[in-house]
Amino acid sequence: MKQQLLVIWGAIAILTACSNDDTSIANLPLSSLNEPSIEKIKLNQVGFLPNDTKMAVVPNSQESTFHLFSGNDNTQVFSGQLSALSTWQPAGETVSIADFSSVSTPGQYYLKVNGLDDSNLVTINNEAYLGAHDAALKAYYFNRASTELLIEHAGAWSRPMGHADDKVLIHASAASYERPLGMTISSPKGWYDAGDYNKYIVNSGISVYTLLAAYEHHPLFYRERAIGIPESSNFIPDILDEIKWNLDWMMTMQDPNDGGVYHKLTTLNFSGPVMPSEATAQRFVVQKSTAAALNFAASMAVASRIYDDFEQFAGHANDYRRAAESAWQWAQANPSIAYMQPNDVLTGEYGDTEFDDEFAWAAAELYLLTTDDKYLQQFKQLNVMPMVPDWSNSAALGYISLLNNAKTTLSNEDYNQFYARYLSLADSILKQHQESAYAVAMENSDFVWGSNGVALNKAFILLQAQRLSKNDKYKSAVTGLVDYVLGRNPTGYSYLTGFGAKTPLDIHHRQSHADNIKDPVPGFVAGGAQPGQQDKCNYPSQLPAKSYLDDWCSYASNEVTINWNAPLVYVLASLHTMQYDSK
Ligand code: G3I
Ligand code: 9MR
């Protein structure tokens, strides 16, 4: 009787847990808590810089020590104590940490813990991140619309041109007196957003911002980096040439008649998994929105500031400035036009109904560009708080630009207030890192669609805190997040295609799926684990950090996009160059 009651109680508990959207461990079905863990030592599969923190996650083991061996001659080079066992909620795993940060001699090593398989080979090298960095940047080239990818730049992944986008229809939702329904405009170039071939302004804008910040904060590094794109020999840093490919497209998304910006350029439905040249359905520009106008204004203002340093781009810098100002004016006159997906359009929505953060971001960038105080006043009035950025939340970006560029023009009071708010965001992320059994600042609520983007944007936020405060305490939280994406995670995948011992092969990326090449296009960050499972594929687990599937089917965990790659580019550039900063 007692046993029967227990069974009934258990069934009720499971049913209650299943009907609840909250994915905290307490609410997960008991069965998923008992999943066998993959008994493998997990670590960053790409490598470590000699002076950075180096950690591995060791699965539940009664051992108290670990040993590091040389991959060359199998001699033991280091022994250390494992940390106390502790549970990481997002994976329901009890683990300890092996910290071998004190080993800094370049080379290849592996970890041993009695009773477990040896780890993969670990590389320690000053140049450990260069290949991954270059590939993550080159991924944008592979996603270029309106151009053939030649073999000399794209190697095995060369392909014919797709999407000329020179005859794009004005959709009913975008029709105006000057640009009526059925009229065509030319809107070529730009990057495909993701695994799909559409082009969306808000996601483009945040990607452009993050890549421009990578250049702006590491100009010497980028002066030297050639990644093998058609413009590589033109004496402009490749990263700026690559970004310009997308700016050229973004500029065509503004209606010159009123300054408004179309939310997206898209087919009515997603294409099948075919090569770009075979995805030939009619494309449309769809509805102007406040979010698109402000995101456009902000990114064009930053672009104007940065490209103005290059004589070759002088004309463009002026155009970007005018475009930014007219988009801002349109948004002032149309302050709350949310994007409403028309009935006949089924592609990505990037819908946003909260615009204060976009207003604040655009105001901050226009203040920096024009020095007109009215923009600063507007930024202050909006009083938005910085948060980990994503395509729908850009509040932190304005803070980052102001703190990096306006120290001398802001009053002390303003600067100190912005600085304190920013550092309190970074400190909250640092605290998550310190309290995590996996030594990674990721909590259950971070496992949303694109969780790897969340991890990398957290690292981006922390790096700004380090730049501004010159305090090294943020650095190991940054490397923790990078390690997580590159392999120190419960799935054991390095999520960057082409980099690592176990890396995604079947990303939701139409070109990679259709090109008949076994390996996907390299340098793309897969979206990552999240328990939403909106694609209804057959996942191995429901646990937030384990709900990942390397299968084309899984667009909710295995798609790639421009906005998840951008913070990886930034973070790897930053970690690499920090090695050479004078102390
Ligand atoms: O806003 C709610 C929030 O209130 C709630 O707490 C949370 C719980 O999960 O969900 C939030 O909504 C999520 C929304 O993103 C905002 O973050 C949705 O669940 C989630 O399904 C949605 O995912 C977006 C996805 O498109 C589906 O619309 C991703 O952020 C976005 O990156 C992704 O973008 C797609 C494009 O549409 C098309 N191109 C590919 C690209 C990447 O997959
Ligand atoms: O392939 C699409 C992917 O690029 C999008 O990010 C995703 C979410 O909007 O949608 C995918 O398309 C799927 C569609 O939404 C539902 N039917 C299956 C499609 C994938 O094969």
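Given the structure is predicted, the values throughout are model-derived calculations rather than measurements. (Residues numbered from 1 in each chain as written. Chains lettered and ligands numbered in written order. Predicted model: local features only at pLDDT ≥ 70, side-chain atom pairs only at ≥ 80, totals over all residues. Heavy atoms only, no water.)

This part covers unusual backbone geometry. Its identity as a non-glycine residue notwithstanding, T371 has a phi of 60°, on the positive side. Tracing the backbone shows T371 in the loop between α10 (356-370) and α11 (373-382). Look at T371 and you get exposed, because its relative accessible area is 58%. (Helix = DSSP H or I, 4+ residues; strand = E, 2+ residues; numbered from the N terminus. Buried < 20%, exposed > 50% of the residue type's maximum accessible area, 1.4 Å probe, protein only.)

This next bit is on the confidence of the model for the protein. A residue-level look at the protein finds 93% of positions with pLDDT of 70 or above and a mean pLDDT of 93. Per-residue pLDDT stays below 50 along residues 1-38; that stretch engages in 31 contacts with residues further than four places along the chain or on separate chains. (pLDDT = per-residue confidence, 0-100. Contact = heavy atoms within 4.5 Å.)

Here the focus is the pattern of salt bridges. For the structure on display, the rule yields 23 salt bridges. D446 serves as the salt-bridge partner of K458, at 2.5 Å between the closest nitrogen and oxygen. Taken together, the positions of K458 in helix α14 (residues 451-469) and D446 in the loop between α13 (412-435) and α14 put the pair twelve residues apart, joining distant regions of the chain. Considered together, K458 and D446 belong to a single accessibility category, that of buried residues. R488 is paired through a salt bridge with D483; the nearest N and O atoms lie 3.1 Å apart. (Salt bridge = Lys/Arg side-chain N within 4 Å of Asp/Glu carboxyl O.)

On to helix α5 (residues 201-217), then. With 17 residues, α5 extends 24 Å between its outermost C-alpha atoms, agreeing within 8% with the 24 Å of an ideal straight helix rising 1.5 Å per residue. For α5, the buried fraction is high: 16 of the 17 residues fall into the buried class. (Expected span 1.5 Å × (residues − 1).)

Read from one edge to the other, the open sheet built from five strands follows the order β9-β8-β12-β11-β10, with strand pairing classed as mixed. Of all the strands in the sheet, just β9 (184-185) and β10 (199-200) have a single pairing partner and so form its edges. The pairing of strand β8 (residues 168-170) with β9 spans two bridges and is antiparallel. Within β9, the residue paired with L169 across the bridge is T184. (Pairing = 2+ DSSP bridges.)

With that settled, the discussion passes to the site of ligand 1. The environment of ligand 1 is formed by 13 residues, the closest being D193, D196, G348, W449 and E559. A distance of 2.9 Å separates an oxygen atom of ligand 1 from a polar side-chain atom of W449. Out of a free accessible area of 790 Å², ligand 1 has 53% covered by protein chains. Of the residues assigned to the shell around ligand 1, the class counts are six nonpolar, three polar and four charged. (Near = heavy atom within 4 Å. Polar contact = N/O pair within 3.5 Å; in protein donor to acceptor, adjacent residues only side chain to side chain. Areas by Shrake-Rupley, 256 points an atom, 1.4 Å probe, with all protein chains shown as cover. Nonpolar A, V, L, I, M, F, W, Y, C, P; charged D, E, K, R; others polar.)

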